[in-house]
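# Coordinates in review
If you want the building blocks of each chain, they are given just below.
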Amino acid sequence: MGSLKRFVMVVFSITSLLFIIGAIVGYVGATNYTIHLVAFSVAGLLLTLASLARVTITPEGATERLGEVSVQGTWIWTSLSLVYITMSPASIYGTHPWALAILEVVGFVMLAFGAYTLFRIKRDTGVYLSI
Amino acid sequence: MVNQEKKTEDYYGDFAVVRVPEHERRTMMNQLMVFLGVLAVWAAVFGGASMAGIMDAWEIVWASVLGSVVLGVIAFLIGLIGGYASVPTYVILRHSMGRFGSILTGLVLSGISAALWFSFETWLFGVIMQETFPNFVLTKVEIAAIWGGLLMMSTALIGYRGLSALSYFVVPAWFAIIPMALVAAISVHGGWGALLAAQPAHHVSLATGITFVIGLYIVGATIAPDVTRYSRRPFDGSIAWFIHVVVFMPIILMAGGWLQLLVPAGRTLVAEMIGMGMIWAVLLTGIVGQWTTNDNNLYSASLAWVNAVPRIKRSIWVLILGIIGTAVAAMIGMGYGISLSALLQFGTLLGTFIPPITGVMIADFYLVQPFLLNRRNPRGRYEFGPGTIYGSLRWPGFLGWILGSIIAYYTPMVAPQMPAAISGLLAGFFIHLILMAICVAGRIPYDAGKWRETETGW
């Protein structure tokens, strides 16, 4: 397996894990409308797994195709990281401080991780970030 | 040979008047994100909110879905022209309106009206910033309008790459936040039972509701080729448009409309979100949502001006229009003698003149060219490139636009139940078709003068 494909699959797997953490922390740490953070996290997880599946079935050597599906998938979960960052502190959810801290960390890690992944893919495959 | 790409330099930048080359074309997902970026704006939610005064919850659903389907079909047809031709809307118009006709209609379609909307949206951006953070210097209406305008200019200046990268970053988050906020707000105000029981002050027919929805976005539908010209396969952009408007536009309209049914008039989803402590989400959706929409306004306006005035590059037009638009927005914010209502009235008036252009374009590409002028192959139906000869004025199309505009203008006075957007579109469609049929059958010249395309595509 090519190193880039392996890298992308590892990144998407870690991101899936972060969404699972987000779902658990949202369920345990929010006092109102718990279902919102859980449902959002599950939706993010499903989208990331779908992107991971697309990457997995991309043939070896199809660098441009791999770059395209990786960039598209990465944009989606990078964008969704903004939801953790901006929605978790909303007073209506009554999120415990420790849970809020974890959700913010999850959001910012995903955001930074996403930015790095995008530029790494662009460097290695040459595809546009606006593909 | 059909669809042979003539060698043309991209003098104006971002393929403003030339075909987008194969290697620069983008995926369907990319175009979906750009379209959704246009839709992801508070003004669209406010548009939905205004439906609450005339419809109940289920009527809002039906009007939103059916109106969106009609818009989806119209823009599918228009977008597909861009998918085949790979040039912006204003260049496409050279074939149905003639070269001078394309200049004039392009300026009405985007050059002036989109620039006006850029100003309005920039001012609205300032208003949202001040409402969200009332006690900061940087969020005063006029100050926020200035830095907001500059932000919006930045991606328009980069061009399509800038628009689409920003949309990729913003759209998924925007379409996650708004439904979450809506569901929370509905729960706060009595839940789904209260929503279904809520009644508007007045009821209107479903047809009126559908018309309202169509009117909200018909201009966006007409300039779809500005984006779909980047399609790898002709249908990509059209399908992206259809999905974005049929699946996502009802969500936005329902978000505004449903909430407005439950809260006092004038209280918006923005105020509700602030009340629920979602200040950072308001800031995000306000800044970047407005940004992804308004940069498209400026981008389309710059493309129309490139088609209208020679030798000035697209990026220069972005700067000229962006600076003027931002200054106007800031001056409205400061109350320096510029009437917002006059600006809006003028923008709305221009909006009346746009659906006939849509009708002419659809009639020309799908009926006039293949069946009257015998250009059956859609890929070669419209030719572009150095040396291509256009009519200086294709008078049947131009007359279709003028008469269609007059009909659309007087429709509310003569037949109030008939939507002006629809009457204008149908009038443009049939007048162009019938006049061209008469010209072809009677061997009457339908072009006044000739125009030869230059090496730079102008």
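What counts and how
Position numbers for residues count from 1 along each chain, tracking the sequence in the order it is written. Following the order in which they are written, the chains are lettered starting with A and the ligands numbered starting with 1. Thresholds applied to this predicted model are a pLDDT of at least 70 for local features of residues and 80 or more for the giving and counting of side-chain atom pairs; totals over whole chains, interfaces and linings are not thresholded and use all residues. Helix numbers and strand numbers start at the N terminus; a helix is a DSSP run of H or I with at least 4 residues, a strand a run of E with at least 2. Within these notes, the globule rule equals 2.2 Å times the number of residues to the 0.38 power, and the radius of gyration is based on C-alpha atoms. Buried residues are those with 20 or more other C-beta atoms within 10 Å of their own C-beta, exposed residues have 12 or fewer, and partly exposed residues lie in between; C-beta atoms are placed from the backbone. Placing C-beta atoms from the backbone, we regard two residues as in contact once those atoms come within 7 Å. By this rule, a helix spans an expected 1.5 Å times one less than how many residues it contains. A residue's bend is given by the angle between axes fitted to the 7 residues ending at it and the 7 residues starting at it. Every axis corresponds to a line fitted to the C-alpha atoms, with the helix fit spanning only the stretch in contact, and the corresponding angles, defined between N-to-C directions, vary from 0 to 180 degrees. Should an angle fall under 35 degrees it is taken as roughly parallel, and over 145 as roughly antiparallel, whereas 65 to 115 is taken as roughly perpendicular and any remaining angle as oblique. Note: crossing handedness is left-handed where the near helix turns anticlockwise from the far helix by less than a right angle, and right-handed where it turns clockwise. Amino acids outside the nonpolar list (Ala, Val, Leu, Ile, Met, Phe, Trp, Tyr, Cys, Pro) and the charged list (Asp, Glu, Lys, Arg) are all regarded as polar, and Gly is one of them. Here, a nonpolar core denotes buried Ala, Val, Leu, Ile, Met, Phe, Trp, Tyr and Cys residues that are linked to one another through C-beta atoms within 7 Å. We call two strands paired when DSSP finds no fewer than two bridges between them. One confidence number per residue, pLDDT, is output by the predictor and ranges from 0 to 100.

A count of helices and strands for chain B gives 18 helices and two strands. Its C-alpha atoms give chain B a radius of gyration of 22 Å, near enough to 23 Å, the size a compact globule of 458 residues would have. For chain B, the proportion of its 458 residues judged to be buried stands at 58%. At a minimum sequence separation of 6, the contacts of chain B that also span at least 24 residues come to 85%.

The next subject is the overall build of chain A. Secondary structure assignment for chain A yields four helices and zero strands. In sequence order, the secondary structure elements of chain A are arranged as α-α-α-α. Taking 131 residues into account, the globule formula puts the C-alpha radius of gyration at 14 Å, and chain A, at 16 Å, falls close to it. In terms of principal-axis extent, the alpha carbons of chain A reach across some 50 × 20 × 20 Å. A separation of at least 24 residues holds for 71% of the contacts in chain A among residues at least 6 apart in sequence.

A word on the interface of chain B and chain A. The interface is formed by 24 residues belonging to chain B together with 22 residues belonging to chain A. Counting residues per element, the ones that place at least two in the side of chain B that touches chain A are helix 1 (28–39), helix 7 (160–188) and helix 13 (279–308) of chain B. Top contributing element to the side of chain B that touches chain A by residue count: helix 7 of chain B, with 14 residues.

This part takes up the environment of Trp123 of chain B. All names here are of chain B. Residue placement: Trp123 occurs in helix 5 (residues 99–132). Note on Trp123: 26 C-beta atoms within 10 Å, which makes it buried. C-alpha separation for the pair Trp123 and Ala329, spaced 206 residues apart in sequence, amounts to 4.6 Å. Those residues in contact with Trp123 that sit more than four places away from it in its chain are Ala145, Ala329, Ile332 and Gly333.

What follows is about helix 5 of chain B. Residues and elements named next belong to chain B. Here helix 5 spans 47 Å end to end across 34 residues, near enough to the 50 Å set by a 1.5 Å rise per residue. Of all the bends in helix 5, the greatest measures close to 50 degrees and is centred on Leu107. Burial of helix 5 is extensive: 27 of the 34 residues sit out of reach of the surface.

Residue and element names in this part refer to chain A. In the contact formed by helix 1 (residues 3–29) and helix 4 (residues 97–125), the axes pass within 10 Å of each other and the chain directions differ by 165 degrees. On the basis of the axis angle, helix 1 is roughly antiparallel to helix 4. Classified by chirality, the crossing of helix 4 by helix 1 is left-handed. Along the contact surface, helix 1 presents Leu4, Val11, Thr15, Leu18, Ile21, Gly22, Val25, Gly26, Val28 and Gly29, while helix 4 presents Trp98, Ala99, Ile102, Leu103, Val106, Val109, Met110, Phe113, Thr117, Asp124 and Thr125. Considering only residue class, the contact of helix 1 with helix 4 consists of 14 nonpolar, six polar and one charged.

This brings us to the nonpolar core. Nonpolar side chains in soluble globular proteins tend to be buried together. The biggest cluster of nonpolar side chains holds 190 residues, and the ones touching the most others in it are Ile177 and Ala181 of chain B. Here this core takes 20 residues from helix 7 of chain B, the largest share from any one element. Contacts of Ile177 of chain B, omitting those with residues within four sequence positions, involve Val83, Thr86 and Met87 of chain A together with Ala281 and Thr285 of chain B.

All right, on to the packing of helix 5 of chain B against helix 13 of chain B then. Residues and elements named next belong to chain B. Running from N to C, helix 5 and helix 13 point in directions that differ by 160 degrees, and their axes come no closer than 8 Å. With respect to their mutual orientation, helix 5 and helix 13 come out roughly antiparallel. Crossing handedness for the pair helix 5 and helix 13: left-handed. Partitioned by chemical class, the residues of the contact of helix 5 with helix 13 number 19 nonpolar, 13 polar and one charged.

All names here are of chain B. Little of strand 2 (residues 447–452) sits inside the fold, with zero of its six residues counted as buried. Where strand 1 (residues 389–394) lies against strand 2, five bridges are found, and the strand directions are antiparallel. Counterpart to Gly391 in the pairing with strand 2 is Lys450.

Moving on, we get to unusual backbone geometry. Residues and elements named next belong to chain B. Backbone geometry places Asn374, a non-glycine residue, at a positive phi of 60 degrees. Considering the arrangement of structural elements, one finds Asn374 in the loop between helix 16 (355–372) and strand 1. By the C-beta count within 10 Å, which is 8 here, Asn374 ends up exposed. One non-glycine residue, Arg443, lies in the positive phi region at around 55 degrees. By secondary structure assignment, the location of Arg443 is in the loop between helix 18 (420–442) and strand 2. Its 6 C-beta neighbours within 10 Å are what place Arg443 among the exposed residues.

Interpreting fine coordinate detail is not advised for predicted regions of low pLDDT. Per-residue confidence for chain B averages 90 on the pLDDT scale, and 96% of its residues sit at or above 70. Two summary scores accompany this predicted model of the complex, namely pTM at 0.93 and ipTM at 0.96.

All names here are of chain B. By the element assignment, Leu77 lies in helix 3 (residues 57–85). Classification of Leu77 as partly exposed rests on a count of 17 C-beta atoms within 10 Å. With 251 residues separating them along the chain, Leu77 and Val328 place their C-alpha atoms 35 Å apart. Discounting chain neighbours no more than four positions away, the residues touching Leu77 are Ile362 and Tyr366.

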